[in-house]
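Listed here are the chains, written in short residue letters.
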Amino acid sequence: MMKLLTKRKQNGARWVDEHLVHVLSPNIYRTTSEALESFDYIAKHGNFSYTERFAVKYAGAAAMYFVAKKLKKKYNITDERASLYDAANTWTEALNGRNFLGGSKPNLADLAAFGVLRPIRYLQSGKDMVEHTQIGEWYQRMEDAVGEPSRIPEGQYQE
């Protein structure tokens, strides 16, 4: 049994690294409006001046829009959303009725997938993924298990 769980954890984490991460950028930056949405979040939550926020949002979104097109070609993705939905469905099918890939508790593979998906959850691509696949229930269980994201408030970080 331990060998099976270890294999599941390794295969799941490998799948996240070798497949799931590659379908995200072409989805997050699929259109100029989605690229701007993503960089708007980055600009608002980063420690940038007004001018830097403007530059980060627009230059970053433009650059990533074109990078996403190259990644789409590199990984032979013909339909960005279909690839995202397929990945989400592959994950939920691998759960095979379990709450988590790890069984009753998340394992490393669950944490890896959640860590990759959490940043996009409330972007258009993440909303679409939850609406058009069965991954939302697993995501909610992971959010409950992991808890709220933490961020050190500005000025409280000490080097």
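Residues numbered from 1 in each chain as written. Predicted model: local features only at pLDDT ≥ 70, side-chain atom pairs only at ≥ 80, totals over all residues. Heavy atoms only, no water.

Draft legend 1. Local environment of the environment of Gly60. Among the secondary structure elements, Gly60 is positioned in helix H3 (residues 50-74). Residue class for Gly60 comes out buried when judged on its relative accessible area of 14%. Sequence spacing of Gly60 and Ala35 is 25 residues, and the spatial spacing of their C-alpha atoms is 8.3 Å. (Helix = DSSP H or I, 4+ residues; strand = E, 2+ residues; numbered from the N terminus. Buried < 20%, exposed > 50% of the residue type's maximum accessible area, 1.4 Å probe, protein only.)

Draft legend 2. Looking closely at the packing of aromatic side chains. In this structure the tally under the stated criterion is seven aromatic pairs. Plain terms: the ring middles of Tyr65 and Phe66 are 5.2 Å apart, the flat faces sit at 80 degrees to each other, and that makes the pair edge-to-face. Between the aromatic rings of Phe114 and Trp138, the centroid separation amounts to 6.4 Å while the plane-to-plane angle is 80 degrees, which identifies the pairing as edge-to-face. Here Trp138 lies in helix H7 (residues 135-146) and Phe114 lies in helix H5 (residues 108-117), a separation of 24 residues in the sequence. (Phe/Tyr/Trp six-rings, centres within 6.5 Å; stacked < 30°, edge-to-face > 60°.)

Draft legend 3. Just the pattern of salt bridges, in detail. Inspection of the entire model under this criterion finds seven salt bridges. A salt bridge links Arg81 to Glu34, with the shortest nitrogen-to-oxygen separation between them at 2.3 Å. Residue Arg81 is found in helix H4 (residues 80-95), and its partner Glu34 is found in helix H2 (residues 32-45); the two are separated by 47 residues along the sequence. Comparing Arg81 with Glu34 shows no difference in burial state: the two are buried. A single salt-bridge network, built from bridges that share partners, covers Arg30, Glu34, Arg81 and Asp128. (Salt bridge = Lys/Arg side-chain N within 4 Å of Asp/Glu carboxyl O.)

Draft legend 4. Molecular detail of unusual backbone geometry. Although it is not a glycine, Asn76 adopts a positive phi angle of roughly 55 degrees. The topology assignment puts Asn76 in the loop between H3 and H4. Taking relative accessible area as the criterion, Asn76 reaches 67% and is therefore assigned exposed. Even without being glycine, Asn96 reaches a positive phi, approximately 50 degrees. Structurally, Asn96 is set in the loop between H4 and H5. By relative accessible area, which is 62% here, Asn96 ends up exposed.

Draft legend 5. Focus on the nonpolar core. Formed by 32 residues in total, the largest nonpolar core has its most connected members in Leu20, Trp91, Leu117 and Trp138. No other element matches helix H1 (residues 2-28), which puts seven residues into this core. Excluding anything up to four places from it in sequence, Leu117 contacts Leu20, Leu24, Met129, Ile135, Trp138 and Tyr139. (Core = buried A, V, L, I, M, F, W, Y, C linked by side-chain atoms within 4.5 Å. Contact = heavy atoms within 4.5 Å.)

Draft legend 6. View of the environment of Tyr41. Inspection of the secondary structure assignment puts Tyr41 in helix H2. What makes Tyr41 partly exposed here is its relative accessible area of 47%. The spatial distance from the C-alpha of Tyr41 to the C-alpha of Lys57 is 8.5 Å, given a sequence separation of 16 residues.

Draft legend 7. View of the environment of Met64. For Met64, the position within the fold is in helix H3. By relative accessible area, Met64 is classed as partly exposed at 22%. Linking Met64 and Ala35, residues 29 residues apart in sequence, is a C-alpha distance of 7.0 Å. Setting aside its immediate chain neighbours within four residues, Met64 contacts Tyr29 and Phe39.

Draft legend 8. Structural context of the side chain of Glu143. On the secondary structure map, Glu143 appears in helix H7. For the buried Glu143, no salt bridge is present, and the opposite-charge side chain at shortest range is Arg118, 4.3 Å distant. (Lys, Arg positive; Asp, Glu negative; His and termini not counted.)

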